[in-house]
Amino acid sequence: MTAMTAPRTTRVVNADAAAATEAARVLAAGGLVAFPTETVYGLGADATGGEAVARLYEAKGRPRFNPLIAHVADAAAAQKLARFNADALLLADAFWPGPLTLVLPKAPQCPVAALATAGLDTIALRVPDHAVARAILAAFGKPVVAPSANRSGHVSPTRAEHVAADLAGRIDLIVDGGPTRLGVESSIVACLDAPVLLRPGAVTRAAIEARLGRRLAEAPAARADEEKAPLAPGMLARHYAPRTPLRLDAARVEEGEALLAFGAAPVEGFERAVATLNLSPRGDLVEAAANLFAHLRALDSSGARKIAVIPVPHQGLGEAINDRLARAASR
Ligand code: TXA
Ligand code: MG
């Protein structure tokens, strides 16, 4: 019932002109493509496709849904996805294309899937400075989310062989563009109010501050690699959480509750529910992950007193889904 991902054949191609077209084709079909950037290899998926993003988390083996960076071909494409304040405009102008990621308020019409931003109202954006990455982004024409192309807990890959060692059999395509130039991830700066350095990276603090003409505030616990040293929840990215309390592992619906269902089994008292949404009527964890944040938001605004959540299996992506449900419930 809870679909396990079938092993995939991973093709490796050299980064020539045909590779960008092929990568765009695989992305459009919901597939996973590893490609080089100037920092590290990224594992790309169509940012606007919830199920493609869910498969990406599954392939990485991430036990939780961290928000991802949306990569675009140029600043004009980025400006369609987020609101840029004066600091953001200055930094984009100075460092894009390049190893700087900006965290900005999501634009109202932003087509990036809720799962990719972990349900947040903000979005991380970057224009990579790498001919292969930019050719793929231009050919695809839509934003591509791309975490570092390693299994969760491993170090970031700087060569196609590192990607293959970690992810062969779990992704569709590796575009081999040789070793990456910088080898350390992008610096991440949030421009929400005062600019904050969320992750030190390839652009130095001094260079960023020089452009801004002011100091960067420090994130509570910014670390170079949150996968090696996991951050406490909410420290790097504030987590989305519904205002309505959640009741987990519910067996029935009580008066005044909304219902977040999973699978086809009938739920006792379902007719009482103020509103009902099903994460995946067919019991598929990829589909459930893709729907999670959008369904939570919708039920949160249903006026229900509580949201009753039907148990979700813990295997595969279920671990991340349950992690996120537990966080949403524990506030
Ligand atoms: O150099 C890089 O940035 C590489 C290449 C592939 O582009 N990508 C990369 O992605 O390092 P990843 O997923 O390994 O790291 C993304 C970081 C995470 O620490 C995540 O928490 C943060 O970006 N992030 C993403 N969206 C965020 C948001 N809305 N608010 C705060 N932090 C965010
Ligand atoms: Mg990473």
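Note that this is a predicted model, so its numbers are computed, not measured. Numbers given to residues run from 1 along each chain, matching the order in which its sequence is written. Chain A is the first chain written and ligand 1 is the first ligand written, with later ones labelled in order. The model is predicted, so local features are restricted to residues of pLDDT at least 70 and side-chain atom pairs to those at 80 or more, both for listing and for counting; the totals for chains, interfaces and linings are taken over all residues. Side-chain metrics rest on all non-hydrogen atoms present in the structure, leaving aside hydrogens and water.

J.: Go over the pairing of strand 6 (residues 122-126), please, and point to the residues and values.
T.: Only protein chains enter the accessibility calculation, which uses a 1.4 Å probe; a residue whose area is less than 20% of its type maximum is buried, one above 50% is exposed, and one in between is partly exposed. Strands are runs of DSSP state E lasting at least 2 residues, helices are runs of H or I lasting at least 4, and numbering of each runs from the N terminus. Where burial is concerned, most of strand 6 is hidden: four out of the five residues are buried. We call two strands paired when DSSP finds no fewer than two bridges between them. Summarising the sheet, strand 4 (residues 69-71) and strand 6 pair through three bridges and their orientation is parallel. Looking at strand 6, one finds that Ile 69 is bridged to Ala 124. Summarising the sheet, strand 5 (residues 100-105) and strand 6 pair through four bridges and their orientation is antiparallel. Each bridged residue has a counterpart across the sheet, and for Leu 102 the counterpart in strand 6 is Leu 125.

J.: I'd like to hear about the sheet that holds strand 15 (residues 306-309), residue by residue, with values.
T.: The sheet built from four strands is open, its strands ordered 12-15-13-14 with parallel pairing. Each edge of the open sheet is held by one strand with a lone partner, namely strand 12 (246-247) and strand 14 (276-278). In terms of strand pairing, strand 13 (residues 257-261) meets strand 15 through four bridges, oriented parallel. Note on strand 15: the bridge partner recorded for Leu 260 is Val 309. Of the strands in this sheet, strand 12, strand 13, strand 14 and strand 15 touch helix 8 (residues 285-300), which is tilted by about 180° from strand 14. Note on contacts: a residue pair is in contact if any heavy atoms of the two residues lie within 4.5 Å. Axes here refer to lines fitted to C-alpha atoms; in helices the fit is confined to the stretch in contact. Angles between the N-to-C directions go from 0 to 180 degrees.

J.: Residue-level account of the packing of helix 8 against helix 9 (residues 318-329), with values.
T.: Where helix 8 contacts helix 9, the two axes come as close as 9 Å, and the packing angle between them is 20°. Taken together, helix 8 and helix 9 sit at an angle that is classed as roughly parallel. Where helix 8 crosses over helix 9, the two elements pack in a sense that is left-handed. For the pair helix 8 and helix 9, the contacting residues are Leu 285, Ala 288, Ala 289, Leu 292, Phe 293 and Leu 296 in the first and Gly 318, Ile 321, Arg 324 and Leu 325 in the second. Polar here means any residue outside two lists: the nonpolar Ala, Val, Leu, Ile, Met, Phe, Trp, Tyr, Cys and Pro, and the charged Asp, Glu, Lys and Arg; Gly therefore counts as polar. In terms of residue class, the contact of helix 8 with helix 9 is built from eight nonpolar, one polar and one charged. Every angle not falling under 35 degrees, over 145, or within 65 to 115 is termed oblique; those three ranges are roughly parallel, roughly antiparallel and roughly perpendicular. Helix crossings get a hand from a simple test, with the near helix turned counterclockwise from the far one by less than a right angle marking a left-handed crossing and a clockwise turn marking a right-handed one.

J.: How would you summarise the sheet that holds strand 4 if you had to cite specific residues and measurements?
T.: Within a beta sheet, neighbouring strands are joined by backbone hydrogen bonds and run either parallel or antiparallel to one another. Strands sit in the order 1-8-2-3-7-4-6-5-9-10-11 across an open sheet of eleven strands; the sheet is mixed. A strand with exactly one partner marks an edge of an open sheet, and here the two such strands are strand 1 (11-14) and strand 11 (217-218). As paired elements, strand 5 and strand 9 (residues 187-190) share four bridges and run parallel to each other. Note on strand 9: the bridge partner recorded for Val 103 is Ala 190. Against the sheet, helix 2 (residues 50-60) touches strand 3 (41-46) and strand 7 (144-145), its axis set at about 145° to strand 3. On top of the sheet, helix 5 (residues 131-140) reaches strand 2 (33-36), strand 3, strand 4, strand 7 and strand 8 (173-176); it is set at about 135° to strand 2, its chief contact.

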